[in-house]
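Given next are the chains, with one letter for each unit.
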Amino acid sequence: MSVKISVITACYNSADTIEDTLLSVTGQDYQGIEYIIIDGVSKDNTLQIADKYKARIAKIISEKDGGIYFALNKGIALASGEIIAFLHGDDVYAHPTVLSRVLQTFMETGADAVYGDLQYVDREDTSRVIRHWRSGKFYPGIFRKGWMPPHPAFFLRRKCYEKFGMFDTSFRFSADYELMLRMLERHQVKIAYLPEVLVKMRVGGTSNVSLNNRLKANREDRRAWR
């Protein structure tokens, strides 16, 4: 029996990039994927593009919500996979074997969470790397030194969300940071590092802003430690 991986894409007005995201998920060599798209009622052609791939998409939900973390929580609540992944509407998996490599790491290590590296790439030319986010190994206390794994390259078993909670939407900018901090530092879930690039993130996209608006997020990051 294969392990199901739920991949959740949150998007809004992503017509310029969503097809690349869809192709990178549907083009994975691992077949046990439950693909869920949570759209914030896009006003462009995002949904029409997604509809072209509906045979490979388990659920498409388009409705207003309170922002990206509300959308991701909605996706988690709908997911039935043992492992949950997030890939936003302007991101792509780095190669067609990402999910099979991640699953192999879960199986070999018995981990509850697996994470890897990420590349920021040019919005028009995703082969042009702007910055390489090399995560490195986790150890207790490293969050206090400013460390965090890139959220799109962070994969977590669904049972951890069920046991320890989903995104805390009282955090407007840092709910991803707070969730990973909670899972790794407070609850000490078993974690494994896969030292390779798993995701390419376009510079200037929605997910890029949500991950790197650090000036606004700093205060929330401190609150996450309370």
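That block above? That's the structure.
Residues numbered from 1 in each chain as written. Predicted model: local features only at pLDDT ≥ 70, side-chain atom pairs only at ≥ 80, totals over all residues. Heavy atoms only, no water.

Participant: Tell me about the overall build of the chain, and name the residues and values.
Facilitator: Tallying secondary structure elements over the chain gives eight helices and nine strands in all. In the chain, buried positions account for 54% of the 226 residues. Sequence-distant contacts, at least 24 apart, represent 76% of the contacts inside the chain between residues at least 6 apart. (Helix = DSSP H or I, 4+ residues; strand = E, 2+ residues; numbered from the N terminus. Buried < 20%, exposed > 50% of the residue type's maximum accessible area, 1.4 Å probe, protein only. Contact = heavy atoms within 4.5 Å.)

Participant: Requested: an account of the packing of aromatic side chains, with residues and values cited.
Facilitator: Here the structure, examined in full by the defined rule, presents nine aromatic pairs. Both rings, one in Phe138 and one in Phe143, keep their centres 6.3 Å apart while their planes meet at 65°; by these two values the pair is edge-to-face. Each ring, one from Phe138 and one from Trp147, has its centre 5.6 Å from the other, and the planes form 45°; the classification is tilted. Here a set of aromatic residues connected by ring pairs shows up, and it is made of Tyr115, Phe138, Phe143, Trp147, Tyr177 and Tyr193. It is Arg131 that lies over the ring of Trp133; its NZ or CZ is 5.5 Å from the centre. (Phe/Tyr/Trp six-rings, centres within 6.5 Å; stacked < 30°, edge-to-face > 60°. Lys NZ or Arg CZ within 6 Å of the ring centre and 35° of its normal.)

Participant: Can you tell me about the pairing of strand S6 (residues 113–121), naming the residues and giving the values?
Facilitator: Among the nine residues of S6, nine are classified as buried, and the element is accordingly described as predominantly covered. Bridge analysis of S6 against strand S9 (residues 191–202) gives eight bridges, and the strand direction is parallel. Across the sheet, the residue bridging to Asp117 is Val197, located in S9. Where S6 meets strand S7 (residues 129–133), four bridges bridge the pair, whose relative direction is antiparallel. Looking across to S7, one finds that Gln119 is bridged to His132. (Pairing = 2+ DSSP bridges.)

Participant: Before we move on, can you summarise the side chain of Thr105 with the specific residues and values?
Facilitator: Tracing the backbone shows Thr105 in helix H4 (residues 98–109). The exposure class assigned to Thr105 is buried, which follows from its relative accessible area of 9%. Setting aside residues no more than four positions away along its own chain, Thr105 makes contact with Gly110, Val114, Ala192 and Leu194.

Participant: Summarise the environment of Thr9; cite the residues concerned and give the values.
Facilitator: Counting through the fold element by element, Thr9 comes out in strand S1 (residues 5–11). As for Thr9 and Gly75, which are separated by 66 residues in sequence, their C-alpha atoms are 8.2 Å apart.

Participant: So what's going on with the nonpolar core? Which residues, and what values?
Facilitator: Counting 67 residues, the largest nonpolar core has Val7, Leu22, Tyr93, Phe143 and Phe155 as the members making the most contacts within it. Per-element accounting of this core gives the leading share, seven residues, to helix H6 (residues 175–186). Excluding anything up to four places from it in sequence, Val7 contacts Val25, Ile33, Glu34, Tyr35, Ile36, Ala85, Leu87, Tyr93 and Leu99. (Core = buried A, V, L, I, M, F, W, Y, C linked by side-chain atoms within 4.5 Å.)

Participant: Kindly report on unusual backbone geometry, identifying the contributing residues and their values.
Facilitator: The residue Val41 is not glycine, and still its phi comes out positive at about 60°. Its location among the elements puts Val41 in the loop between strand S2 (33–39) and helix H2 (46–51). You will see that Gln188, though not glycine, has its phi angle at about 50°, which is positive. Inspection of the secondary structure puts Gln188 in the loop between H6 and S9. In this structure Gln188 comes out as exposed when scored by relative accessible area, which is 61%.

Participant: How would you explain the environment of Lys4 if you had to name every residue and give the values?
Facilitator: The topology assignment puts Lys4 in the segment before S1. Beyond its immediate sequence surroundings of up to four residues, Lys4 is in contact with Tyr30, Gly32, Glu34, Ser80, Gly81, Glu82 and Ile83. Within the local environment of Lys4, its side chain forms a polar contact with the side chain of Ser80, the two groups lying 2.9 Å apart. (Polar contact = N/O pair within 3.5 Å; in protein donor to acceptor, adjacent residues only side chain to side chain.)

Participant: How would you summarise the pattern of salt bridges if you had to cite specific residues and measurements?
Facilitator: Applying the stated criterion across every chain yields a total of twelve salt bridges. The residue Asp122 makes a salt bridge to Arg128 at a minimum N-O spacing of 2.9 Å. The class of Asp122 is buried, set by a relative accessible area of 18%. Looking at Arg128, the relative accessible area reads 45%, which means it is partly exposed. One connected set of salt bridges, linked through shared partners, spans Glu63, Asp65 and Lys74. (Salt bridge = Lys/Arg side-chain N within 4 Å of Asp/Glu carboxyl O.)

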